[in-house]
Amino acid sequence: MEQRPDSPLVGVDAGEQGELFPDASLPDELVGYRGPAACEIAGITYRQLDYWARTGLVAPSIRTAHGSGSQRLYSFKDILVLKVVKRLLDTGVSLQNIRVAVDHLRRRGVRDLAKITLFSDGTTVYECSSPEEVVDLLQGGQGVFGIAVSGAMREISGTIHEFPAERADGAELIQHDDELSARRRARNVG
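Residues numbered from 1 in each chain as written. Predicted model: local features only at pLDDT ≥ 70, side-chain atom pairs only at ≥ 80, totals over all residues. Heavy atoms only, no water.

Colleague: Before we go on, may I ask you to explain the overall build of the protein in this structure?
Modeller: Counting its regular elements, the protein contains eight helices and six strands. Counting from the amino terminus, helix and strand elements in the protein follow one another as β-α-α-β-α-α-α-β-β-α-β-α-β-α. For the protein, the proportion of its 190 residues judged to be buried stands at 38%. Accessible area of the protein: about 10800 Å², with a carbon and sulfur share of 50%. (Helix = DSSP H or I, 4+ residues; strand = E, 2+ residues; numbered from the N terminus. Buried < 20%, exposed > 50% of the residue type's maximum accessible area, 1.4 Å probe, protein only. Areas by Shrake-Rupley, 256 points an atom, 1.4 Å probe, with all protein chains shown as cover.)

In structure tokens:
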């Protein structure tokens with residue numbers, strides 16, 4: 001894809017929008033969620049998840065299914081992309097254009113994704129990573145709706161800890177409790 005400022009899915013690097021993960025940690029790349037949990041977190045059906053995995057739209061990056069009985073394992077980033085795909089579909093963007101957007105999103109790191117907003121006129125998907133780009137796109141009359149990827153990330157971050165996770169390498173999963181959970185545990189023990 002040619003990198004031009006006026007082309008779809010191309011953005012200019014913007015300043016920090018604030019840290020999504022305040023302790024500077026990102027979800028461990030070996031920690032994943034099975035299909036049913038990924039569906040609930042992303043707000044999609046299992047049928048959609050299965051179809052998107054089989055067609056390569058959003059395949060699990062941690063572990064794919066290998067035959068009957070094996071479990072796919074989706075990373076935090078995979079679930080974020082699932083949520084973005086769902087939102088794009090809900091707004092009427094074609095699956096073909098969503099595939100182009102997803103290919104672009106896959107090349108980004110989680111921190112990079114937190115800095116962009118996707119806009120669409122219902123046909124083409126545009127990436128904006130600065131307020132100036134948003135204004136330019138809207139003044140051109142092209143943008144009809146936008147998806148702030150950081151907003152989807154916050155939604156996922158707020159609920160993902162409620163779902164069972166597992167490590168792809170089989171190691172024990174270390175749970176990071178929030179202050180309230182730690183207080184409850186201390187009260188129950190002592």
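Colleague: Hey, could you run me through the pattern of salt bridges in this one?
Modeller: Between side chains of opposite charge, a pair can form when the charged atoms approach closely. According to the stated counting rule, one finds eight salt bridges in the structure shown. Across the pair glutamate 166 and arginine 63 runs a salt bridge whose closest N-O atoms are separated by 3.0 Å. Placement of the pair is glutamate 166 in strand E6 (residues 166-167) and arginine 63 in the loop between helix H2 (46-54) and strand E2 (73-74), with a sequence separation of 103 residues. Accessibility expressed as a relative area gives 28% for arginine 63, which makes it partly exposed. For lysine 83, the salt bridge identified is with glutamate 155, shortest N-O distance 3.4 Å. (Salt bridge = Lys/Arg side-chain N within 4 Å of Asp/Glu carboxyl O.)

Colleague: When you look at the side chain of lysine 83 in this model, what are you seeing that I'm missing?
Modeller: Residue position: lysine 83 is located in helix H3 (residues 76-90). Assessed through its relative accessible area of 11%, lysine 83 is described here as buried. Sequence-distant contacts of lysine 83, that is, excluding residues within four places in its chain, are made with Ile41, Ala42, Ala152, Glu155 and Ile156. (Contact = heavy atoms within 4.5 Å.)

Colleague: Any chance you could explain the sheet that holds E2 here in plain terms?
Modeller: Paired through their backbone hydrogen bonds, the strands of a sheet run either parallel or antiparallel. Strand order in the open sheet formed by three strands is E2-E1-E6, with antiparallel pairing between adjacent strands. Strands with a single pairing partner mark the edges of an open sheet, and in this sheet they are E2 and E6. Where strand E1 (residues 31-34) meets E6, two bridges bridge the pair, whose relative direction is antiparallel. Of the residues in E6, the one forming a bridge with glycine 32 is glutamate 166. (Pairing = 2+ DSSP bridges.)

Colleague: I tried to follow helix H4 (residues 95-106) on my own but got confused; where do I start?
Modeller: The periodicity of an α-helix, 3.6 residues per turn, causes residues three or four places apart in sequence to face the same way. Helix length check: H4 (twelve residues) gives 16 Å between terminal C-alpha atoms against 16 Å at 1.5 Å per residue, within 8%. Regarding H4, the residues found buried are Ile98, Ala101, Val102, His104 and Leu105. Along the long axis of H4, the arc covered by the buried residues comes to 160°, so they all point the same way. Along its buried surface, H4 packs onto H3, helix H5 (110-113), strand E3 (117-120) and strand E4 (125-128). (Expected span 1.5 Å × (residues − 1). Arc of directions from axis to C-beta.)

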